[in-house]
Structures are given as structure tokens and as C-alpha cells.
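# A look at the structure
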Amino acid sequence: LPENAKKLLQHLSVLGREFKYKLIQTYLPNFVDLDNSILVLKERDILMELPAVGDRMFSFKSLLLVEVGYSSILKKNLKKFHELAAKAIENLFADRIEENCELLCHHYLLTDANEKALFYLEKAAEKLFKGYQLEGAANYYHMLMNRIKDGIEKEVLDPVVYKTKLLDIYKRYGDAAILKGDLYRAREIFTALSTLAKSLENSEYIVNALVGRAESN
């Protein structure tokens, strides 16, 4: 592959299997000879153009090609590429953030933008919880809980702010566990909530923990 087409292959593999032309432009505004590089990738049977109304849509011909492109990215560039992709999605779909919050969460979790990762983890968990997709919501709450605890332990997150935030995360995570019938996990979560609430002398969440443990028995 010509060098430019090889670089484009790497960048596009970060976006996943399918993507719109406008997203490529937003993601790579200064990419030299973009259209010709897309054409090269199409001629080499790496990309194909999909039928679409309005904006052009492209797809890798197989998931294996996505993996080949992604695995060729230098480790030092991965975080930068994912952050560029996330910012492009935020800019292009500013009025559809909730619709894309799981995708944004995926990208930001692979960067050093910890606050953004936490923000979209919470958005994704809330979205799935409201949609009664409890397994997915519980998974996001679990990741959010662990990310906050890890950040506090590594002293990259303010413990005063984030220990208080953890109270609410534990509560919602426990509620999701009860609703999906995972009572053993719910008891564990509400026990952890009780311990944290007592250490912070937060009477509201001490009561919430007691109620949650009673409901999960």
C-alpha cells in the first residue's frame, strides 16, 4: 500500500467496521489526499462504499481487515487516535450525544481523558438502565465504580468529590442488580455502600444501603 493509504487504513480501523464520509473528514481534517487514499483502499478490496441516502458510507470488507489495520498502529499513537475519533463524534453528533454515548465511552476509555471516560460511562449506564437493559447497565456501573476507585487509589481523582459520587453509583448499581435478579451481587454492592456511607457519615445512603440489603435478601 502507498504510505498515505496505509496511514488512512490505521486511522479508519479505530472507527470500527462502518463509518460515514463526514465523520472521516471531521476526524482527519488535515489528511493529505484523502479521497485518493480512500480510492486506493477500495481498489485493493479493503474498503467498500455502501448504499446510503445523503452522506456517503464506507465499510471495511471484513472484520479481519479492521484488526489488521488496528494491530499495525504504534502503541504510542493509539490513545491519540482514539481521542481524535471521540472528539470528531462529539463535534459531528453534538445533538445526538446520548445516542452515541456507548461509542464515546469506548473511545475515551482507551485514552488518558479520565474525566471524559467517567462522564460517558455514567451516561451509558443511565441510558441502558432507563431502557431496562439491565445487564448492560450493570456492566457500565461496574466499570464506572472500578474506574473511580482506581482513580482515587492512584490519586488522580479528588477523593472528597469522588467518594461522594461513589455513593450514588453503588446505589444505582445495586438497584440494577436487584431488578435483573442478581440478589447475591446486589447484597455485595449494598454492603459496600453501607461501609462507604458510614465512613463518610452520610445518613441518607446508610438508610439506602439498609433498604437495598433488605430488598436483596
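Predicted model, so just to flag it, every value in this text is computed and none were measured.

### As for the pattern of salt bridges
- This model, assessed by the stated rule, comprises 17 salt bridges.
- K79 is the partner of D112 in a salt bridge, and the nearest nitrogen-oxygen pair spans 3.0 Å. Highlighted residues: D112 in the loop between helix 6 (101–109) and helix 7 (114–130) and K79 in helix 5 (residues 75–92), separated in sequence by 33 residues.
- Classification of D112 as exposed rests on a relative accessible area of 60%.

### A word on unusual backbone geometry
- The phi dihedral of D33 is positive, around 55 degrees, even though this residue is not glycine.
- With respect to the helices, strands and loops of the structure, D33 is situated in the loop between helix 2 (21–27) and helix 3 (34–43).

### Observations concerning the pairing of strand 2 (residues 47–50)
- Pairing between strand 2 and strand 3 (residues 57–60): 4 bridges, direction antiparallel. By the bridge assignment for strand 3, L47 is matched with F60.
- Taking the residues that link successive antiparallel strands as the turn, the strand 2-strand 3 hairpin has 6 residues, and the phi of G54 there is positive, at about 85 degrees.

### Remarks on the pairing of strand 3
- Because side chains alternate across strand 3, one face comprises the buried residues M57 and S59, and the other comprises F58 and F60, equally buried.
- Direction of pairing for strand 1 (residues 18–20) relative to strand 3: antiparallel, over a ladder of 3 bridges. Note on strand 3: the bridge partner recorded for F19 is F58.

### Description of the sheet that holds strand 1
- Sheet architecture is open: 3 strands sit in the order 1-3-2, paired in antiparallel fashion. For this open sheet the edge positions go to strand 1 and strand 2, each flanked by a neighbour on one side alone. Taking each pair of neighbouring strands and ignoring which way they run, the sheet shows an average axis angle of 30 degrees.
- Against the sheet, helix 3 contacts strand 2 and strand 3, and its axis sits at roughly 105 degrees relative to strand 2.

### Things to note about helix 10 (residues 183–199)
- When the terminal C-alpha atoms of helix 10 are compared, their 24 Å separation across 17 residues agrees well with the 24 Å that a helix rising 1.5 Å per residue should span.
- Within helix 10 the residues assigned to the buried category are A186, I189, F190, L193, S194, L196 and A197.
- Lining the buried residues of helix 10 we find helix 9 (159–179) and helix 11 (203–215).
- Positive backbone phi, approximately 55 degrees, marks E201, located one or two places after helix 10.

About the criteria used
Residues numbered from 1 in each chain as written. Predicted model: local features only at pLDDT ≥ 70, side-chain atom pairs only at ≥ 80, totals over all residues. Heavy atoms only, no water. Salt bridge = Lys/Arg side-chain N within 4 Å of Asp/Glu carboxyl O. Helix = DSSP H or I, 4+ residues; strand = E, 2+ residues; numbered from the N terminus. Buried < 20%, exposed > 50% of the residue type's maximum accessible area, 1.4 Å probe, protein only. Pairing = 2+ DSSP bridges. Axes fitted to C-alpha atoms, helices over the stretch in contact; angles between N-to-C directions. Contact = heavy atoms within 4.5 Å. Expected span 1.5 Å × (residues − 1).

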